[in-house]
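# Inside the fold
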Amino acid sequence: MVSIPFRRQLRFEYGEVSDVAPDIRRVVANNPSPFTLYGTGTYIIGRGEVAVVDPGPADDGHIRAILQATAGETITHMLVTHTHMDHSPGCRLLAEHTDAKTYGFGSHGAGKVEAGVVVEEGGDMDFVPDVVVRHGELIEGQAWSVECVHTPGHTSNHICYAFGRERSLFSGDHVMGWSTSVISPPDGDMADYMASLELLLAREDAVYWPTHGPAITDPKPHVRAFIEHRREREREILHCLAAGLRRIAEMVPRMYANVPGHLHAAAARSVFATMALLVDRGDVVCDGELAVGGSYRLRR
């Protein structure tokens, strides 16, 4: 079994700002859950005129903490990694206190809806960035700049921001230190996710700052472990099919035996994402509709 070097320890106080690196500060929202760990970590880049990365949920207390952390400064940019409800809704509240524009790859489902894909509900359907950015573009502030790194997979509009001065990457939910990401079709896409991991592996970032949990200070071994972990999941699915299990609901208890049962529904979504990849690759056949409740078998 692949050993992933998970990191879960984080020193923080809700509502308090922490200097985590030169020109990078963090405020953690009080929205802990099995999918957010301690909560959403909102980052502040620069001094004086600053950018806020992932303003977080629509939580008045968290927005007050961001404003207190930047008292006497000007927020000029709001950078959004993606449109899940713990990342982008805070933009609307923060916009009541700043003229800063929002930046992102697009609205929820951007990257899929153009191809006619109907994405699942549950995202921040109201978010539309003031400035739509694309892979490789630079966003510049008064004394800082970040490069946009499009990393679809967790969502189709997921984008990371590379802060070149620190060789830092704000990795959102694409790569986290404490957990793997849930990949939930149709907006989530395992093939895209794997390609995005390979993209990061080719970069030379020195540290990742995920939106949840602590920094990843040795990124390449971490990303390699994530890639091998997903390949291992592919092999597990193939073994389940070879053993006669045809439905994802039958596979999840075996594949996620050490995961609490209340998280199995989310695990099933990621298994479905991998199954869709195997079907597309031609290793697996779906008898009927390609769905989480579908029936699958090995191609003879």
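See the structure printed just above.
So, a few notes on the structure that sits alongside this text. The structure presented is a predicted model; accordingly, all values stated were derived computationally and were not measured. The residue count restarts for each chain, going from 1 along the sequence in the order it is written. It should be noted that, the model being predicted, local features are given only for residues of pLDDT at least 70 and side-chain atom pairs only at 80 or more, the latter also being counted only at that level, while totals for whole chains, interfaces and linings use all residues. Each side-chain value is worked out from all heavy atoms of the structure, with water and hydrogens disregarded.

### Quick notes on helix α5 (residues 248–255)
Side chains three or four residues apart in an α-helix point the same way, a direct result of the helix having 3.6 residues per turn. The line we're drawing: Categorising residues by exposure relies on relative accessible area from a 1.4 Å probe, with only protein chains included: less than 20% of the type maximum marks a residue as buried, more than 50% marks it as exposed, and the intermediate range marks it as partly exposed. Counting from the N terminus, the helices are the DSSP runs of H or I reaching at least four residues and the strands are the DSSP runs of E reaching at least two. In this context, the arc is that of the directions from the helix axis out to the C-beta atoms.
The set of residues buried in α5 consists of Ile-248, Met-251, Val-252 and Met-255. All buried residues of α5 fall inside an arc of 105° around its axis, so they share one side. Facing away from the buried surface of α5 by more than 90 degrees, the exposed residues are Ala-249 and Arg-254.

### Observations concerning empty space enclosed by the protein
Rules: Points on a 1 Å grid over protein atoms alone make up a cavity when a 1.4 Å probe fits among them but cannot get out, and a pocket when they form an open set with protein on both sides within 12 Å along at least five of seven lines; lining residues each have an atom within 4 Å of a point. Grid points are joined across faces, edges and corners, and a volume is the space filled by probe spheres set on the points. Residues are grouped as follows: nonpolar covers Ala, Val, Leu, Ile, Met, Phe, Trp, Tyr, Cys and Pro; charged covers Asp, Glu, Lys and Arg; every other residue, Gly included, is treated as polar.
The full count for this structure, using the stated rule, is 1 cavity of 30 Å³ or more. A volume near 30 Å³ is recorded for the largest cavity. What lines the largest cavity is Leu-10, Arg-26, Val-28, Tyr-38, Gly-39, Gly-41, Thr-211, His-212 and Gly-213. A breakdown of the residues in the lining of the largest cavity according to their chemical character gives 3 nonpolar, 5 polar and 1 charged.

### Quick notes on the pairing of strand β5 (residues 74–79)
To keep it simple, the criterion reads: For two strands to be treated as a pair, DSSP must find no fewer than two bridges joining them. With the strands aimed away from the viewer, a crossover counts as right-handed if its path from the first strand over the helix to the second runs clockwise.
Where strand β4 (residues 49–53) lies against β5, 5 bridges are found, and the strand directions are parallel. Across the sheet, the residue bridging to Val-53 is Leu-79, located in β5. For the crossover that starts at β4, traverses helix α1 (residues 60–69) and ends in the parallel β5, the hand is right-handed. When β5 meets strand β6 (residues 101–104), the two strands line up parallel, connected through 3 bridges. Bridged to His-77 within β6 is Lys-101.

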